[in-house]
Amino acid sequence: MRKWLKNALVLASAFALMLAFRALVFSVHSVNGNGLAPVFRNGDRLLVNRCSYGLRIEGNGLLPYSRLMRHPVKRGDIVAFSMPGQADGGLLIARCKAVPGDTIHTLQGQLVVPGLTTCAKADYYWLEALNQQNPVDSRHLGFIPESSIIGQVVTVLYNRQHLQLQ
């Protein structure tokens, strides 16, 4: 086989592996706005571990949603999730405040666990934004299904604004 063809095959294979790794294991997402302040700021690039709660299989209507090697979301985890019922609604970040089986109660806008009233259903989580002014979390959407959770936020890779200032 010609040398250029071997090199092309190696590059194509490496590119395909990188895309598969990025789609199945880790992904990088930007923070837009200050809804996650003070922990995450506008322009931060976050690394999300897509396998932290098991390998997510969506099926896109052909297969039912499932997770292989499933691990539950733990209270206190910062997770990335999509808007329930919308595949392309953008990525949202919030902290898990209540897990399935918890009894919760809100008191003057604050979540109390254990609480007095509402019980979380199986595979549903109560997720609250880090910034209390953020309008997109469980206080407004209700319980978030596990199928909407993409993965756990691992770290901030870098911030474009900080790089531009230096």
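Reading the values: rules and limits
Residues numbered from 1 in each chain as written. Predicted model: local features only at pLDDT ≥ 70, side-chain atom pairs only at ≥ 80, totals over all residues. Heavy atoms only, no water. Helix = DSSP H or I, 4+ residues; strand = E, 2+ residues; numbered from the N terminus. Contact = heavy atoms within 4.5 Å. Areas by Shrake-Rupley, 256 points an atom, 1.4 Å probe, with all protein chains shown as cover. Buried < 20%, exposed > 50% of the residue type's maximum accessible area, 1.4 Å probe, protein only. Pairing = 2+ DSSP bridges. Phe/Tyr/Trp six-rings, centres within 6.5 Å; stacked < 30°, edge-to-face > 60°. Core = buried A, V, L, I, M, F, W, Y, C linked by side-chain atoms within 4.5 Å. Salt bridge = Lys/Arg side-chain N within 4 Å of Asp/Glu carboxyl O.

*Asks:* So what exactly am I meant to see when it comes to the overall build of the protein chain here?
*Replies:* Scanning the protein chain for helices and strands turns up three helices and 12 strands. Put simply, of all contacts in the protein chain between residues at least 6 apart along the chain, 49% involve residues at least 24 apart. Summed over all atoms, the accessible surface of the protein chain reaches about 10300 Å², with 59% contributed by carbon and sulfur.

*Asks:* Teacher, can you tell me more about the environment of Leu-68 here?
*Replies:* For Leu-68, the position within the fold is in strand 4 (residues 66–68). Take Leu-68: its relative accessible area is 42%, and that puts it in the partly exposed class. When the C-alpha atoms of Leu-68 and Tyr-53 are compared, they prove to be 8.8 Å apart, with 15 residues separating the residues in sequence. Beyond its immediate chain neighbours, meaning those up to four positions away, Leu-68 contacts Gly-54, Leu-55 and Ile-57.

*Asks:* Looking at this structure, how should I read the sheet that holds strand 11 (residues 144–145)?
*Replies:* In sheet architecture, strand pairing relies on hydrogen bonds along the backbone and comes in two forms, parallel and antiparallel. The strand order across the open sheet built from seven strands is 1-2-12-5-6-10-11, with neighbouring strands paired in antiparallel fashion. Of all the strands in the sheet, just strand 1 (26–30) and strand 11 have a single pairing partner and so form its edges. Sheet analysis places strand 2 (residues 44–49) next to strand 12 (residues 149–159), joined by six bridges and oriented antiparallel. Of the residues in strand 12, the one forming a bridge with Arg-45 is Tyr-158.

*Asks:* I would appreciate a short explanation of the packing of aromatic side chains in the present structure.
*Replies:* The geometry of an aromatic ring pair comes down to the distance between the two centres and the angle between the two planes. The final tally for this structure, using the stated rule, is one aromatic pair. Both rings, one in Trp-126 and one in Phe-143, keep their centres 5.4 Å apart while their planes meet at 75°; by these two values the pair is edge-to-face. Here Trp-126, found in strand 10 (residues 124–128), pairs with Phe-143, found in the loop between helix 2 (138–141) and strand 11; they are 17 residues apart in sequence, far enough to count as distant. For the pair shown, Trp-126 and Phe-143 are each scored as buried.

*Asks:* It is not clear to me how the nonpolar core should be interpreted in this structure. Could you clarify?
*Replies:* One broad trend across soluble globular proteins is that nonpolar side chains are buried collectively. Ranked by size, the top nonpolar core spans 12 residues in total: Tyr-53, Val-73, Val-79, Phe-81, Leu-92, Ala-94, Cys-96, Val-99, Tyr-125, Leu-127, Ile-144 and Ile-149. Looking at which element gives the most residues to this core, the answer is strand 6 (residues 91–98), with three residues. Excluding residues that lie within four positions of it along the chain, Ile-149 makes contacts with Tyr-53, Arg-56, Arg-67, Val-73, Val-79, Ala-80, Phe-81, Tyr-125 and Leu-127.

*Asks:* Help me out: how do you make sense of the environment of Ala-37 in this one?
*Replies:* Mapped onto the secondary structure, Ala-37 falls in the loop between strand 1 and strand 2. On the accessibility criterion, Ala-37 (22% relative accessible area) is partly exposed.

*Asks:* Just to check I follow, could you spell out the pattern of salt bridges for this structure?
*Replies:* Opposite charge on two side chains allows them to pair when their charged atoms are near. Under the counting rule described, the total for this entry stands at one salt bridge. The residue Asp-102 makes a salt bridge to Arg-75 at a minimum N-O spacing of 2.6 Å. With Asp-102 in the loop between strand 6 and strand 7 (103–107) and Arg-75 in the loop between strand 4 and strand 5 (78–82), this pair connects stretches of sequence that are 27 residues apart.

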